[in-house]
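Per-entry structural report
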Amino acid sequence: MNIEQQLLHATTWEERYRLIIQAGKNLPIPNENELAQMEIIPGCEVQVWFKFTEKNNCTFHFQAYSEARIMNGLLWILLQHIENKSAEQLRHFDLTAYFTHLGIAQRLSTTRLNGLKHIEQILNNL
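Residues numbered from 1 in each chain as written. Predicted model: local features only at pLDDT ≥ 70, side-chain atom pairs only at ≥ 80, totals over all residues. Heavy atoms only, no water.

With respect to topology, three strands assemble into an open sheet ordered E1-E2-E3, the strand pairing being antiparallel. In this open sheet, the two edge strands, each paired with only one partner strand, are strand E1 (39–40) and strand E3 (60–66). Sheet topology places strand E2 (residues 48–54) next to E3; seven bridges connect them, and they run antiparallel. Following the sheet pairing, Glu54 is matched in E3 by Phe60. This element, helix H4 (residues 69–82), spans E2 and E3 of the sheet and lies at about 175° to E3. (Pairing = 2+ DSSP bridges. Helix = DSSP H or I, 4+ residues; strand = E, 2+ residues; numbered from the N terminus. Contact = heavy atoms within 4.5 Å. Axes fitted to C-alpha atoms, helices over the stretch in contact; angles between N-to-C directions.)

As structure tokens, then:
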């Protein structure tokens, strides 16, 4: 069962929170050089770094990292969903709708959502 299915089957926020934290452990920790090449995302209550690379087949690869475990989990879940999508697909991506569908958005602070919404704006402008 993938992370989206696990979140959809979770019955409590505590269970979803645990799944998000666990998911964050899958996010690779970038080294200093990789961090320096990533964009710092404004609007978050913690530091968040984000980078995209266009691949030869007109899809995109993403990297992201945060200082906070919960944010790393949210980023990893997001990256699983957007990885290898085309610019056209990403232009129509609605982060709030996606996280609402997974039962996550309702519990996120405004500042966490602001940072994630900034990433959504980057995606919508590819």
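Our next topic: the pairing of E2. The pairing of E1 with E2 spans two bridges and is antiparallel. Note that in E2 the partner of Ile40 across the bridge is Trp49. Two successive antiparallel strands, E2 and E3, enclose a turn made up of five residues, where Cys58 displays a positive phi of approximately 65°.

A separate point is the pattern of salt bridges. Scanning all chains against the criterion turns up two salt bridges. As a salt-bridge pair, Arg91 and Glu88 come within 3.1 Å of each other at their nearest N and O atoms. Residue Arg91 and its partner Glu88 are both found in helix H5 (residues 87–91); the two are separated by three residues, about one turn of the helix. On the accessibility criterion, Arg91 (37% relative accessible area) is partly exposed. Among the salt bridges present, the one from Lys117 reaches Glu120, with a minimum N-O distance of 2.7 Å. (Salt bridge = Lys/Arg side-chain N within 4 Å of Asp/Glu carboxyl O. Buried < 20%, exposed > 50% of the residue type's maximum accessible area, 1.4 Å probe, protein only.)

The UniProt feature table records "domain: Fe-S metabolism associated" (unreviewed entry) at residues 6–121. Here residues 6–121 is 51% helix and 14% strand, with 27 Å between the C-alpha atoms at its ends. (UniProt positions renumbered as here; feature names shortened; annotations may be inferred.)

To continue, consider the packing of aromatic side chains. Using the criterion set out here, one finds seven aromatic pairs in the structure. Taking the centre distance of 6.2 Å and the plane angle of 55° together, the rings of Trp13 and Tyr17 count as tilted. Of this pair, Trp13 and Tyr17 are both found in helix H2 (residues 13–24), four residues apart, which corresponds to roughly one turn of the helix. Members of the aromatic cluster, connected to one another through ring pairs, are Phe50, Phe52, Phe60 and Phe62. (Phe/Tyr/Trp six-rings, centres within 6.5 Å; stacked < 30°, edge-to-face > 60°.)

Compared with the 16 Å implied by 1.5 Å per residue over twelve residues, the 16 Å span of H2 between its first and last C-alpha is a close match. On its buried side, H2 packs onto helix H1 (3–9) and H4. (Expected span 1.5 Å × (residues − 1).)

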